[in-house]
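Breakdown of the fold
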Amino acid sequence: MKVALCLACDDNFIPYTAVAARRIARYAGEKLPILVISDGVCDENKTLARKFCPQIAFVEAGHLFDGRSLPASRNNTRAALLRLFLDEILSDFDRAVYLDSDISPTTDISPLLSMAPEAAPVIAGYD
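Residues numbered from 1 in each chain as written. Predicted model: local features only at pLDDT ≥ 70, side-chain atom pairs only at ≥ 80, totals over all residues. Heavy atoms only, no water.

A look at the packing of aromatic side chains
One pass over the full model with this rule turns up 2 aromatic pairs. Centroid distance Phe13 to Tyr16: 4.8 Å. Interplanar angle 45°. Geometry classified as tilted. For the pair Phe65 and Phe85, a centre-to-centre distance of 5.6 Å together with 85° between the ring planes defines the contact as edge-to-face. Linking Phe65 in the loop between strand S3 (56-60) and helix H3 (78-81) with Phe85 in the loop between H3 and helix H4 (86-89), this pair joins segments that are 20 residues apart in sequence. Residues Phe65 and Phe85 agree in their burial class; the two are buried. (Phe/Tyr/Trp six-rings, centres within 6.5 Å; stacked < 30°, edge-to-face > 60°. Helix = DSSP H or I, 4+ residues; strand = E, 2+ residues; numbered from the N terminus. Buried < 20%, exposed > 50% of the residue type's maximum accessible area, 1.4 Å probe, protein only.)

As for the pairing of strand S1 (residues 3-10)
In terms of residue burial, S1 counts as a mostly covered element, since 7 of its 8 residues are buried. Of the pairings in the sheet, the one linking S1 to strand S4 (residues 95-98) comprises 4 bridges and is parallel in character. Bridged to Ala4 within S4 is Ala96. When S1 meets strand S2 (residues 34-39), the two strands line up parallel, connected through 6 bridges. Across the sheet, residue Cys9 finds its bridge partner in S2, namely Ser38. (Pairing = 2+ DSSP bridges.)

A look at helix H1 (residues 14-27)
Under the 1.5 Å per step criterion, the end-to-end length of H1 is 20 Å for 14 residues, consistent within 8% with the ideal 20 Å. By the burial criterion, the buried members of H1 are Ile14, Thr17, Ala18, Ala20, Ala21, Arg23, Ile24 and Ala25. Looking at the buried positions of H1, the neighbouring elements they touch are S1, S2, helix H2 (43-52) and S3. (Expected span 1.5 Å × (residues − 1). Contact = heavy atoms within 4.5 Å.)

Considering the side chain of Asp10
If you trace the backbone, Asp10 turns up in strand S1. One buried charged residue, Asp10, remains without a salt bridge, the closest side chain of opposite sign being Arg78 at 7.6 Å. Side-chain polar atoms of Asp10 contact the backbone nitrogen of Asn12, separated by 3.1 Å. If we ignore the near neighbours within four places in the chain, the residues touching Asp10 are Asp39, Val41, Thr77 and Ala79. (Lys, Arg positive; Asp, Glu negative; His and termini not counted. Salt bridge = Lys/Arg side-chain N within 4 Å of Asp/Glu carboxyl O. Polar contact = N/O pair within 3.5 Å; in protein donor to acceptor, adjacent residues only side chain to side chain.)

Here it is as structure tokens:
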């Protein structure tokens, strides 16, 4: 089973995303790839983020907004809306775990990768 652990960000939020990814990697019981679904993160920031957390892999997805009108705002950025496209972005994966980039994990979250929804196709946590 191919599983993805992903975060999403734009160039403004990449520092926070890199910190969240590094904390996820630090506590993980096993080495796992962390996909950062990005909207316009510059190459320099991608390089810096990978130096900070080598397990990060970027998937540029800003092109998915071409020809679409979505209600992006200051509090609900295009990067935050990328989660709506995970089925397209991660079509090669069997399961995906999406986490907001403003988290600060204090424990291993890899058990989330093995959770299987029973009654619905989505499992969500209350914030």
